[in-house]
Amino acid sequence: MKVWSTGSRRALRALAIAAIVVPVLVVGPGADAAERDAVVNAPGAAAAGITGFTPTVTADATRAAEATAGHRLSRDAVLAAYWTPARMRAARPVEESEQYRRALAVPQAGLKSAPAPRNSGQELIVPPARGATTTGGMGTQATDPNLPSSHPTAFTAGKVFFTMDGKNYVCSGTIVNTAAGNEVWTAGHCIHGGRGGTLASNWTFVPAYNGDAANPRPLGTWTATGLWTMTAWINDSNFAEDMAVAVMGTQGGQHINRYGSQGLWVNAGVNQFMNAFGYPAEAPFNGRRLKQCAANSVQENPAVWTQTIKITPCNFTGGASGGSWLINYDGQWGLVNGINSRADRATWVASPYFDDTALVLYNFTTNF
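Our subject in this report is the structure included herewith. (Residues numbered from 1 in each chain as written. Predicted model: local features only at pLDDT ≥ 70, side-chain atom pairs only at ≥ 80, totals over all residues. Heavy atoms only, no water.)

The next subject is the overall build of the chain. Within the chain, the secondary structure is distributed over 10 helices and 20 strands. For the chain, buried positions account for 58% of its 368 residues. Nonlocal contacts in the chain, meaning residues at least 24 apart in sequence, comprise 74% of its contacts between residues at least 6 apart. Carbon and sulfur atoms form 53% of the exposed surface of the chain, whose accessible area is close to 13900 Å². (Helix = DSSP H or I, 4+ residues; strand = E, 2+ residues; numbered from the N terminus. Buried < 20%, exposed > 50% of the residue type's maximum accessible area, 1.4 Å probe, protein only. Contact = heavy atoms within 4.5 Å. Areas by Shrake-Rupley, 256 points an atom, 1.4 Å probe, with all protein chains shown as cover.)

Below, the structure is given as structure tokens:
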């Protein structure tokens, strides 16, 4: 369900095709034939500045899964067997990868969102899939909300596991309400390394992950059937467009939104009270439990508009990337209005501002 406060669907379609520059996907030098073959040539994607991939499963993951679970496994069974509790605990935050470090080194000054414009001010408000009753508060440091897997915030949040350059990494993500009911939002760098980088493989999402529990995945392991991010992230490591969508496959005919899904608000304005969630995994955290920060968002650079915002104070560390920022959060449900993208690991965490970039990404993928 979508509620429009301004504009029309016709205006959105015009926005998606009326780009001044049509971006071209530049596959990084480290990409292999499997990644190039995985690029999805969906109609309208290039004009909208979006690139999609069919997720790959590595031969190493298949061999490891078959060694313990048998041969001729389905793709879902391979990944469920590969991501053992031990491998999930051992996976490192993607912020420690060389690809993320290279992305941080790319100068952001002068980067322009592609295609233009990205600031129509057209609002999109998508409600959560379920109602809510309780209230949230403000904290000066990341706290453990200590939520059971049956809690709406817990079962719509989760941990992302994937492989890049032969190493296993983690991020965070959130189930978002869409027409098809198959969508998880995360950071762009949680599916692709950015300029000169490569596509993530073995991509899975574990809702309500709890590394301290006997069963760390009480709601199962969900595999992606499609990964979508902004072409400006892939080509330029543009952190203003560091956002991504994972389209999840079904399990037993059930869609991932069976657990409910958070809403979305695009072009809501810069100054908002945010509740941020994620699985920070670097000291002082260990990545085993969902953490929460609550603070007001502000323009990241007070002197120059960079299409990025930040919340402070928040001491999220690596591993929280891709976790959602919720506005109008009532202790259970809210509207995604940002994602953890970068942090100084001490006082603030930054997100792309959810402007027309998020608007186009949502509407392009909502029926997948």
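Now that the structure is up, let's keep going.
Counted according to the given criterion, the structure contains 2 disulfides. One disulfide in the model links Cys171 with Cys190; its S-S distance is 2.1 Å. One disulfide, between Cys171 and Cys190, carries an S-S torsion of -85 degrees and so falls in the left-handed class. Taken together, the residues span a long stretch of sequence, with Cys171 in strand E8 (residues 167-176) and Cys190 in the loop between strand E9 (183-186) and strand E10 (201-207) at a distance of 19 residues. Put simply, Cys293 and Cys314 are joined by a disulfide, and their sulfur atoms are 2.2 Å apart. Here the S-S torsion is close to 85 degrees, and the disulfide linking Cys293 with Cys314 is therefore right-handed. Placement of the pair is Cys293 in strand E15 (residues 291-299) and Cys314 in the loop between strand E16 (308-311) and strand E17 (324-327), with a sequence separation of 21 residues. Across this residue pair, the class does not change: Cys293 and Cys314 are buried. (Disulfide = S-S within 2.5 Å.)

A few words on the pairing of strand E18 (residues 335-339). Extensive coverage of E18 is indicated by the burial of 5 of its 5 residues. Relative to E18, strand E13 (residues 263-266) runs parallel, the two being bridged by 2 bridges. Each residue of the ladder has a partner; that of Gly263, found in E18, is Leu335. (Pairing = 2+ DSSP bridges.)

Counting residues in hydrophobic clusters, the biggest one holds 76 residues, and the most contacted among them are Phe162, Trp185, Trp203, Trp228, Met248 and Leu264. With 6 residues, the top contributor of residues to this core is helix H10 (residues 356-365). If you look at the next biggest cluster of nonpolar residues, it comprises 18 residues, including Cys293, Phe316, Ala320 and Val349. (Core = buried A, V, L, I, M, F, W, Y, C linked by side-chain atoms within 4.5 Å.)

Every regular strand shows the same layout, with side chains that alternate between the two sheet faces. Across the 5 residues that make up strand E12 (residues 244-248), a large majority, 5, are buried. Bridge count between strand E11 (residues 222-230) and E12: 5 bridges; the pairing is antiparallel. Following the sheet pairing, Gly226 is matched in E12 by Val247.

Our next topic: the side chain of Arg217. Within the secondary structure layout, Arg217 lies in the loop between E10 and E11. An unpaired buried charge is present at Arg217: no salt bridge exists, and Asp76, the closest side chain of opposite charge, is 12 Å distant. Other than its neighbours up to four places away in sequence, Arg217 contacts Ala80, Trp83, Thr84, Pro85, Met88 and Val206. (Lys, Arg positive; Asp, Glu negative; His and termini not counted. Salt bridge = Lys/Arg side-chain N within 4 Å of Asp/Glu carboxyl O.)

Scanning all chains against the criterion turns up 8 salt bridges. Asp60 is the partner of Arg63 in a salt bridge, and the nearest nitrogen-oxygen pair spans 2.3 Å. Of this pair, Arg63 and Asp60 both sit in helix H4 (residues 59-69), 3 residues apart, which is roughly one turn of the helix. The salt bridge partner of Asp236 is Arg195, with a shortest N-O separation of 3.9 Å. In this pair, Asp236 is assigned in helix H9 (residues 231-236) and Arg195 in the loop between E9 and E10, connecting sequence segments 41 residues apart. Linked through salt bridges whose partners overlap, the residues forming this network are Asp144, Arg289 and Lys291.

Before going further, it helps to spend a moment on the environment of Leu79. Among the secondary structure elements, Leu79 is positioned in helix H5 (residues 75-82). Note on Leu79: relative accessible area 0%, which makes it buried. Separated by 15 residues in sequence, Leu79 and Ala64 have C-alpha atoms that sit 9.7 Å apart. Leaving out residues up to four positions away in the same chain, Leu79 has contacts with Val57, Asn202, Trp203, Thr204 and Thr223.

On to H4. Taken as a whole, H4 has its buried residues at Ala61, Ala64 and Ala65. Projected down its long axis, H4 carries its buried residues within an arc of 95 degrees, all on one side. Set apart from the buried face of H4 by more than 90 degrees, the exposed residues are Arg63 and Ala67. Residues of H4 that are buried make contact with H5, helix H6 (85-90) and E10. Backbone geometry just after H4 places Gly70 at a positive phi near 100 degrees. (Arc of directions from axis to C-beta.)

Let us now look at the packing of H4 against H5. As a packed pair, H4 and H5 sit with axes 8 Å apart at the nearest point and diverge in direction by 80 degrees. As summarised for this structure, H4 and H5 are arranged roughly perpendicular, according to the angle between their axes. Contacts between H4 and H5 involve Ala61, Thr62, Ala64, Ala65, Thr68 and Ala69 from the former and Val78, Ala81 and Tyr82 from the latter. Across the contact of H4 with H5, the residue classes tally to 7 nonpolar, 2 polar and no charged. (Axes fitted to C-alpha atoms, helices over the stretch in contact; angles between N-to-C directions. Parallel < 35°, antiparallel > 145°, perpendicular 65-115°, else oblique. Nonpolar A, V, L, I, M, F, W, Y, C, P; charged D, E, K, R; others polar.)

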